[in-house]
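Architecture and fold: a report
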Amino acid sequence: MAKSALLKSSLAKKYWMALTGLFLCLFLTGHLLGNLQLLAGNSPEAALKFNKYALFMTTNPAVKILSYLTYISIIFHAIDGIMLAFQNKAARPVAYAMNKPQVNSSFASRNMAVLGTVILVFIVTHMVSFWARMHFDEKMPLQKMTIAVQPGMNQDFYLTTDGGYVPVNDPTYVVKNRTEIYEANANVKVKEAYKDLHKITFDFFREPQYGLVFTILYVLSMVVLAFHLLHGFQSAFQSLGVNNKFTPAIKMLGTGFAIIVPLLFAIIPLFIHFTK
């Protein structure tokens, strides 16, 4: 990490990879806290709470700035890590005659490049499945609620951001720009609906043919993330010079973080898939 292949400044080489790594740890914590709301289940109330959270995370200016910083950090961390792995390989084309890596280093430290590559593939597929659909899919569903309008007769309504309801398939209204509800005759915007990120998440892991496969791959990706964090968390503080008497505490904190955070992430798809 201290020998950055992307940055040439000696000061930047020492700190930048560590700082981006720790920033991404903060992102993981915040992302986890939001996603844990999915454990509330599949009720309309739970879905509305999660979709309100999703709307806030995609519209709040401060959160959007943090999101851009996260994207930049992920890209830098990935590219610099890959280049560093090739640089280290090129610097030592011939292996040592006496080399016992399993004794001198941990599995995670020896395979950080491989672990990081797997995580990068997971991030890309994860963003295509959820983030890209949330932002760009013209068929992104809006949250609906079925209400009994009279005995024996139910009606679906869109839930709107002002706490209101708009009947689905009512010719009086038309949906434009994916979430905006207009009064059809006057062509005037009257409501804003919620994108139903909760629904596409539950549908993804409960998909009849591949839902179990998606769930297993997600859990395995969290195992890979755990190994990556086991070495990366402590290594970041070491690169920043925070060691010596703090090393045992940092190692304990890093181990706990590397186990608890991926474990809680893994529980979410397992809960969704197996609690039908």
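Here the structure is a predicted model, which is why all the values come from computation and not from measurement.

Cut-offs used in this document
- Residues numbered from 1 in each chain as written.
- Predicted model: local features only at pLDDT ≥ 70, side-chain atom pairs only at ≥ 80, totals over all residues.
- Heavy atoms only, no water.
- Helix = DSSP H or I, 4+ residues; strand = E, 2+ residues; numbered from the N terminus.
- Buried < 20%, exposed > 50% of the residue type's maximum accessible area, 1.4 Å probe, protein only.
- Contact = heavy atoms within 4.5 Å.
- Areas by Shrake-Rupley, 256 points an atom, 1.4 Å probe, with all protein chains shown as cover.
- Polar contact = N/O pair within 3.5 Å; in protein donor to acceptor, adjacent residues only side chain to side chain.
- UniProt positions renumbered as here; feature names shortened; annotations may be inferred.
- Salt bridge = Lys/Arg side-chain N within 4 Å of Asp/Glu carboxyl O.
- Pairing = 2+ DSSP bridges.
- Axes fitted to C-alpha atoms, helices over the stretch in contact; angles between N-to-C directions.

**Here's the deal with the overall build of the protein chain**
Helix and strand counts for the protein chain come out as nine helices and six strands. Here the protein chain, with 276 residues, has 34% of them falling under the buried criterion. Taking contacts inside the protein chain between residues at least 6 apart in sequence as the whole, the part at least 24 apart equals 63%. Taken as a whole, the protein chain presents about 16,600 Å² of accessible surface, with 66% of it coming from carbon and sulfur.

**Here's the deal with the side chain of serine 73**
For serine 73, the position within the fold is in helix H3 (residues 61-91). For serine 73, the side chain forms a polar contact with the main-chain oxygen of leucine 69, separated by 2.8 Å. If near-sequence neighbours (up to four positions away) are discounted, serine 73 is found in contact with Thr20, Phe23 and Leu24.

**Description of the UniProt feature "transmembrane region" (unreviewed entry) in the protein chain**
The UniProt record annotates "transmembrane region" (unreviewed entry) at residues 65-86, 107-132, 210-231 and 252-272. A distance of 34 Å separates the end C-alpha atoms of residues 107-132, which is 96% helix and 0% strand. Structurally, residues 252-272 is divided into 100% helix and 0% strand, and its ends, taken at the C-alpha atoms, are 31 Å apart.

**A look at the environment of glutamate 180**
Residue position: glutamate 180 is located in strand S5 (residues 180-183). For glutamate 180, a relative accessible area of 18% gives the class buried. In the structure, glutamate 180 is positioned 13 residues away from alanine 193 in sequence and 6.4 Å away in space, judged by C-alpha atoms. Engagement of the side chain of glutamate 180 in a polar contact is seen with the side chain of asparagine 177, the distance being 2.7 Å. Separated by 3.4 Å, the side chains of glutamate 180 and tyrosine 182 make a polar contact.

**Observations concerning the pattern of salt bridges**
For the coordinates displayed, the defined rule picks out five salt bridges. For lysine 199, the salt bridge is made with aspartate 203, and the minimal N-O distance between the two is 3.0 Å. Placement of the pair is lysine 199 and aspartate 203 together in helix H7 (residues 197-205), with a separation of four residues, close to one helical turn. Owing to a relative accessible area of 39%, aspartate 203 belongs among the partly exposed residues under this scheme. Several salt bridges converge on common partners, so that one network encompasses Glu180, Lys189 and Glu192.

**Some points on the sheet that holds strand S2 (residues 153-159)**
The strand order across the open sheet formed by three strands is S1-S2-S3, and the pairing between neighbours is antiparallel. Of all strands in the sheet, those with a lone pairing partner are strand S1 (144-150) and strand S3 (165-167), marking the two edges. Ignoring which end each strand starts from, the neighbouring axes of this sheet average 45° apart.

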